[in-house]
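# Residue-level structural notes
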Amino acid sequence: MYRTHTCGELRLSHTDKNVVLSGWISKQRDKGFVVWIDLRDRYGITQLVFDEERTSTDLLENTRKLGRETVIQVKGKVIERASKNPNLPTGDIEVLVTELTVLNEALLPPFTIEDETDGGEELRMQYRYLDIRRNPVKNNLIFRHKVTMEVRKYLSDQGFIEVETPYLIKSTPEGARDFLVPSRMNEGQFYALPQSPQTFKQLLMVGGMDKYFQIVKCFRDEDLRADRQPEFTQIDCEMAFVEQEDVLNAFEGLTKHLLKEIKGVEIESFPRMTFDDAMKRYGNDKPDIRFGMEFGELNQVAQHKDFNVFNSAELVVGLSVPGGNAFTRKEIDNLIDWVKRPQVGAKGMVYCRCNDDGSYKSSVDKFYDQDDLAHWAKVTGAETGDLILVLSGETNTTRSQLSALRMELAERLGLRKPDEFAPLWVVDFPLLELDGETGHYHAMHHPFTSPKPGQLELLDQDPGAVRANAYDLVLNGNEIGGGSIRIHDKETQAIMFKHLGFTQEEAKAQFGFLMDAFQYGAPPHGGIAFGLDRLVAILGGQETIRDFIAFPKNNSGRDVMIDAPATIDAAQLEELHLKLDLE
Ligand code: ASP
């Protein structure tokens, strides 16, 4: 038997017990006449003691030679510690060792296995198995397990059935490129890895499964963006005989359950906001509503004076920074520089101080008098002591610039508190989105999303105006879930494909199986998918999803531990009927 107890288990009540422990040497302290070892496993740390009085000389000498991270097994007796460590659950006791076996030696790790390590990100990724021994990473993985268990428990209790869908499939359009797998047995043909199980979960509804979920890997070959993983995990769900309201209620239930079980946070009901409102009030379809700084549109009160920058703008929009009048001139200049950085791209920014005596002082005093500025304050909700910041230009661009500024300000002012949770449903998304580059419309969510009742006709006249039965669940400024009520009849689906630029033949070749299935009694259905990695990170009070994935890829999509992707040899290429021409 390797062990009678784990390294996190022993307490004063075990005093005088003979125990066997196994684990890794985490630390060694040698005081000459006495040696202590911190023995570590997943469950904790137990102090081992060896001394001249009670330990054989051989054992004491051998113990001195052991390096960090050596895997050992010890036998000994639990004794009360002379100086207790209240920071350690096992801190009242130590184990006086009588026998030690080295189970495996260890090379010196390339970084220290401690909570605060000296290893850089890349090095830790390369030796991820060592990184996982560190508490922060280990605890994140345990936390993730806890969340997924709660998800499974809750959904199963609600009558959802977990069904696995295949990974070797045909393209499912979720707006990214597919990862492709060449087929050895079918020359010249390829599988695609699923961007999501979208079509399969719809087919499960046609199959009468009624309520489905799956915690499932999805694969998207996207250009690199910070904190995206080419493979990631979704909690994928679908329900039959539902309207939007039913889906929102079901998954508000799941989210509430998680917040309560995992964070002890109870939220009565989640607010809802239309996409249009979110854009108008926050410049963003996933607003962080833990703090205010809502937008105020100033066209009415700021145009038609003599300030041409505003007069020529499609949108003049501002927000009020609470307490912002305390910013120094230098701090304001720094914010102006911040919005002018190429990543944000504003040409400039107007500001107005709301002084304690009720007067205003703006950077455009030449054009606006106190009455004008009082209007600005009213529209942006500014009070004495605040600072109004105003941007102008083309509507969408200006909104997204001000939104970036709002988030930056919140960060600087410490308003994005990780222990506060503000969920929000954003509903009524546009069905289609105009691609600026190609001039074509594409599905904003995916091509299986249904338009709002009665809006199908609008598709011909004003495609951009059609609203969809599509919704996102936003948590603290992050989209954690998104879904829709689906099209469930062949005719509507065909109209959608037509508007998305598919010929009839293309639609049939790619999605004929789904359209066929719709002819065999497809129930009305809809669903949602949550991004599990991000959900777990946010619940864990952190932002980086990589820290919650056991073996993540780096920012270039590489697994630096196993060194993938990698070239393959000529024989394998040939077997797959592939020729590489790397010139
Ligand atoms: N398949 C969708 C996605 O991955 C989710 C859904 O519509 O249920 O975003």
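Anything mentioned here points back to the structure above.
Since the structure is predicted, the reported quantities are computational estimates derived from the model, not experimental observations. For every chain, the first residue of its written sequence is number 1, and the numbers climb from 1 along that sequence. Restriction of local features to residues with pLDDT of at least 70 applies here, the model being predicted, together with a cutoff of 80 or more for giving and counting side-chain atom pairs; totals for whole chains, interfaces and linings are based on all residues. Calculated side-chain values reflect all of the structure's heavy atoms, with hydrogen atoms and water omitted.

A separate point is the site of the ligand. The immediate surroundings of the ligand are formed by 14 residues, with E174, Q198, K201, H445 and R486 found nearest. The definition of a polar contact used here is a pair of N or O atoms within 3.5 Å, where within protein one atom must be able to donate a hydrogen and the other to accept one, and adjacent residues in sequence count solely through side-chain atom pairs. The contact in question runs from an oxygen atom of the ligand to an N or O atom on the side chain of R486, over 2.7 Å. All accessible areas in this document rest on Shrake-Rupley with a 1.4 Å probe, and a residue is counted as covered only by the protein chains that are shown. Protein coverage of the free-state accessible area of the ligand, which is 270 Å², stands at 93%. Here a helix means four or more residues in a row that DSSP labels H or I, a strand means two or more in a row labelled E, and each is numbered from the N terminus. Breaking the shell around the ligand down by element, the ones donating at least two residues are α5 (198–206), β21 (478–485) and β22 (525–531). Basically, the charged four are Asp, Glu, Lys and Arg, the nonpolar ten are Ala, Val, Leu, Ile, Met, Phe, Trp, Tyr, Cys and Pro, and anything else, Gly included, counts as polar. Classifying every residue of the shell around the ligand gives 2 nonpolar, 8 polar and 4 charged. We call a residue near a molecule or strand as soon as one heavy atom of that residue lies within 4 Å of the molecule or strand.

To continue, consider the side chain of T380. Following the sequence through the fold, T380 ends up in helix α11 (residues 370–380). Relative accessibility thresholds used throughout: buried, under 20% of the residue-type maximum; exposed, over 50%; partly exposed, between the two (1.4 Å probe, protein chains only). Under the relative-accessibility criterion, T380 is labelled buried at 8%. Those residues in contact with T380 that sit more than four places away from it in its chain are E294, G296, L298, G318, L319, S320 and I388. Any pair of residues with heavy atoms lying within 4.5 Å of one another is described as a contacting pair.

Further remarks concern the packing of aromatic side chains. The geometry of two aromatic rings is summed up by the distance between their centres and the angle between their planes. Only centres within 6.5 Å qualify two rings of Phe, Tyr or Trp (six-membered ring in Trp) as a pair; their planes then separate them into stacked at under 30 degrees, edge-to-face at over 60, and tilted for everything else. Under the definition given, this model contains 18 aromatic pairs. Between F502 and F511, the ring centres sit 6.2 Å apart and the planes meet at 70°, which makes this aromatic pair edge-to-face. Owing to a relative accessible area of 0%, F511 belongs among the buried residues under this scheme. Among the aromatic residues, those joined into a cluster by ring pairs are F307, F310, F367, Y368 and W376.

The geometry of helix α10 (residues 329–340) relative to helix α12 (residues 395–412) is characterised by a closest axis approach of 10 Å and an angle of 135° between their N-to-C directions. Classified by the angle their axes make, α10 and α12 are oblique. Pair α10 / α12 crosses with right-handed handedness. Between α10 and α12, the contacting residues are N334, L335, W338 and V339 on the first element and A404, L405, E408, L409 and R412 on the second. When the residues that make up the contact of α10 with α12 are grouped by side-chain class, the tally is 6 nonpolar, 1 polar and 2 charged. Axis lines are fitted to C-alpha atoms, over the contacting stretch for helices. Their N-to-C directions set the angle, which ranges from 0 to 180 degrees. Roughly parallel means an angle under 35 degrees; roughly antiparallel means over 145; roughly perpendicular covers 65 to 115; every other angle is labelled oblique. By definition, any crossing whose near helix is turned counterclockwise from its far helix by less than a right angle is left-handed, and any crossing with a clockwise turn is right-handed.

Buried and open spaces are told apart on a 1 Å grid over the protein atoms alone, a cavity being a set of points where a 1.4 Å probe fits but cannot get out and a pocket being an open set with protein on both sides within 12 Å along at least five of seven lines. Residues with an atom within 4 Å of a point are the lining residues. Grid points are joined across faces, edges and corners, and a volume is the space filled by probe spheres set on the points. Across all of its chains, the model carries 1 cavity of 30 Å³ or more by this definition. Size it by volume and the largest cavity reaches roughly 40 Å³. Lining the largest cavity, in full, are M125, R128, F551, P552, D559, V560 and M561. Within the lining of the largest cavity, the residues separate by chemical class into 5 nonpolar, no polar and 2 charged.

Our next topic: the nonpolar core. Take the buried residues of types Ala, Val, Leu, Ile, Met, Phe, Trp, Tyr and Cys, join any two whose side-chain atoms come within 4.5 Å, and each joined set is a nonpolar core. Ranked by internal contacts, the top residues of the largest apolar core, which has 41 residues, are V147, L155, F251 and W425. The dominant element in this core, judged by the number of residues it contributes, is helix α6 (residues 244–263), at 7 residues. Those residues within four positions of F251 in sequence are excluded, and the remaining contacts are L155, F160, C237, M239, W425, I528 and F530. Counting 25 residues, the second largest nonpolar core, distinct from the first, contains F327, L335, V339 and M349.

One requirement defines pairing of two strands: DSSP has to find at least two bridges between them. As summarised here, the arrangement of the 5 strands in space is β1-β2-β3-β5-β4, forming a closed barrel in which the pairing is mixed. With direction set aside, neighbouring strand axes in the sheet form an average angle of 55°. Here strand β3 (residues 44–51) runs beside strand β5 (residues 93–104); their pairing, made up of 2 bridges, is parallel. By the bridge assignment for β5, V49 is matched with L96. Contacting β1 (18–30), β2 (34–41), β3 and β5, helix α1 (residues 57–64) crosses the sheet at an angle of about 70° to β5.

A separate point is the environment of D533. Along the chain, D533 turns up in helix α16 (residues 532–539). When its relative accessible area of 4% is taken as the criterion, D533 is described as buried. Through-space distance from the C-alpha of D533 to that of F367 is 50 Å; in sequence the pair is 166 residues apart. Filtering out sequence-adjacent residues up to four positions away, D533 remains in contact with R144, F232, T233, I545 and I549. At a separation of 2.8 Å, a polar atom in the side chain of D533 contacts the main-chain amide nitrogen of T233.

On to the sheet that holds β21. The sheet built from 8 strands is open, its strands ordered β6-β9-β10-β22-β21-β20-β17-β11 with mixed pairing. Each edge of the open sheet is held by one strand with a lone partner, namely β6 (161–162) and β11 (272–274). Strands in contact with helix α7 (residues 275–282) are β11 and β17 (423–427); relative to β11, the strand with the most contacts, it is inclined by about 90°. The sheet contacts of α16 involve β9 (211–219), β10 (231–240), β20 (470–475), β21 and β22, and relative to β10 the element is tilted by about 105°.

With that settled, consider the packing of helix α4 (residues 135–157) against α6. At a minimum axis separation of 10 Å, α4 and α6 run at an interaxial angle of 140°. Taken together, the axes of α4 and α6 lie oblique to each other. Considering how the two elements wind past one another, α4 and α6 form a crossing that is right-handed. Contact residues: α4 offers F143, K146, V147, E150, V151, Y154 and L155, while α6 offers A250, F251, G253, L254, H257, L258, E261 and I262. For the contact of α4 with α6, the class distribution of residues is 10 nonpolar, 2 polar and 3 charged.

Attention shifts here to the pattern of salt bridges. Salt bridge, as used here: a side-chain nitrogen of Lys or Arg that lies within 4 Å of a carboxyl oxygen of Asp or Glu. Following the criterion strictly, the structure yields 40 salt bridges and no others. In this structure, R329 and D333 form a salt bridge, with 3.2 Å as the shortest nitrogen-oxygen distance. Taken as a pair, R329 and D333 lie in helix α10 at a separation of 4 residues, close to a single helical turn. Note that R558 and D563 form a salt bridge whose closest N and O atoms lie 2.9 Å from each other. Within this structure, R124, R128, D131 and R134 form a network of salt bridges that share partners.

For the rest of this paragraph, the subject is unusual backbone geometry. Here the amide bond leading from A564 into P565 is cis, since omega sits at 0°, within 30 degrees of zero. On the secondary structure map, P565 appears in the loop between α16 and α17 (570–575). Non-glycine residue H577 carries a positive phi angle of around 60°. Summarising the element assignment, H577 is placed in the segment after α17.

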